[in-house]
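Breakdown of the fold
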Amino acid sequence: MAKARTKSRRSVKPAKKKVNKKAAKMSRGAKAGKAAKSRKSTKPAKPAKPAKSAKPAPSAAASYKPLKAPKHPRIGLEAASPFEMRVNLAKDLPETDVQSALDSGDMGFLHSFTTGSTVDGPGVRVVAWTTGCQWRCRYCHNPDTWTMRNGYPVSVANATAELRKYSQGLKVMNGGLTISGGEPLMQHRFVVKVFDAAKKMGVHTTIETNGFLGERLSDDDLAKIDLVMLGVKAWGGELHKELTGRDNGPTLEFGRRLAKLKKRIWVRFVLVPNLTDDLDDVGKIAEFAASLGNVERVEVLPFHQMGRFKWHELGIRYHLEDTQPPSAELVERACAVFRAAGLEAH
Ligand code: SF4
């Protein structure tokens, strides 16, 4: 789920420089680079002993059919920010391989991953940005994540090994792993497998989703997810469809199901002047969120134009060319609507 908030970063140092050669190769950017030098440094976690489980489990290895991933020597999977434009990283993969990856979940497609985020869930986090989204939000700042094949094919084993390098630091900084996108539930089997591995390391897990495909997750799958950041884009059906191209019914239903399961939710709402700033509509979202009883926090994200260049480069018609970010006063008024419903809003 692309968000309309600029990123705040702190460094999460890998607990071990080389856990797995393939994983290290996968994230060339994880080695101290320019971006890492400019981030605020935090106390490094104690190096962790390489764990045997960093290697693929025999069962996974047995079922895992390696894909011939295209080579992109100049593109590391770790990005300085999710605003990096990425296209066609898996364009040469046969459709059968893409389908087999989605079916088994042994392989996923990532736009990139970033470390040190303090705005994508509690504490300091590693964020994996998946590709593939069936919505077309007018304010999306990462339209390059809409297409699955724009992402890089990554095995569960490699993703797990990469996460392991940061796991100690994430725990020390009360953070964890967030999987966002794109829409992560487009590749739900891969996402669940990575979350399962994270939980086994004791790492906190968060998914950021539009909730449209929430029914793909079983209750057992949801047990592997500590926090759901649920994007609620608009209340009125017509407005929602104009804004995203889809109905919001499944999202709301997913929210109700999470409430029954007492799963923690943070609601995310993007405030766009002249599009989502009708405070009556905001009030309906607030009423719904408050009725669930498990929404811990609402984040009102001001629209921005940092993704505009992607729409231009991809040749997609951009409807918000002249839209300005909301004023601080408008953001505060929207927050006040949520607070009036008894919710914590920022
Ligand atoms: S189009 Fe998809 S990735 Fe972009 S903001 Fe909407 S739900 Fe998120």
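Up top is the structure.
Our subject in this report is the structure included herewith. Here the structure is a predicted model, which means the values were calculated and not measured.

Focus: the sheet that holds strand β8 (residues 295–302)
- Spatially, the 8 strands line up as an open sheet ordered β3-β1-β2-β4-β5-β6-β7-β8, and their pairing is mixed. Both edges of this open sheet fall to β3 (152–155) and β8, since each of them pairs with a single strand only. Ignoring strand direction, the axes of neighbouring strands in this sheet form an average angle of 30 degrees.
- Pairing geometry for strand β5 (residues 204–209) and strand β6 (residues 227–231), over 4 bridges, is parallel. The residue of β6 that forms the bridge with Thr-209 is Leu-230.
- Against the sheet, helix α9 (residues 249–260) contacts β5, β6 and β7 (264–271), and its axis sits at roughly 155 degrees relative to β6.

Things to note about the pairing of β8
- Where β7 and β8 come together, 7 bridges link them in parallel fashion. Along β8, the bridge assignment pairs Phe-269 with Val-300.
- A crossover connection joins β7 to the parallel β8 through helix α10 (residues 279–292); in handedness this β-α-β unit is right-handed.

Considering the pattern of salt bridges
- Scanning the entire structure with this criterion turns up 19 salt bridges.
- Glu-84 is paired through a salt bridge with Arg-86; the nearest N and O atoms lie 2.6 Å apart.
- Judged by relative accessible area, which is 29%, Glu-84 ranks as partly exposed.
- A salt bridge links Glu-162 to Lys-165; the nearest nitrogen and oxygen atoms lie 3.3 Å apart. Linking Glu-162 with Lys-165, this pair stays in helix α5 (residues 156–172), spanning 3 residues, or about one helical turn.

Cut-off values and rules
Positions within a chain are numbered from 1, following the residues in the order the chain's sequence is written. Only residues with pLDDT of at least 70 are given local features in this predicted model, and only at 80 or more are side-chain atom pairs given and counted; all residues enter the totals for whole chains, interfaces and linings. Only hydrogens and water are set aside when side-chain values are computed; all heavy atoms of the structure are taken into account. Any two strands between which DSSP finds at least two bridges are classified as paired. Segments assigned H or I by DSSP are reported as helices when at least four residues long, segments assigned E as strands when at least two residues long, and all are numbered from the N terminus. The angle between two axes is taken between their N-to-C directions and runs from 0 to 180 degrees, where each axis is a line fitted to C-alpha atoms and a helix contributes only its stretch in contact. Whether two residues are in contact is decided by their heavy atoms: any pair within 4.5 Å suffices. Orienting the strands away from the viewer, one traces the path from the first strand over the helix to the second; a clockwise path indicates a right-handed crossover. Definition used for salt bridges: Asp or Glu carboxyl oxygen within 4 Å of a side-chain nitrogen of Lys or Arg. The buried label goes to any residue with under 20% of its type's maximum accessible area, the exposed label to any with over 50%, and the partly exposed label to all in between, with areas taken from a 1.4 Å probe on protein chains only.

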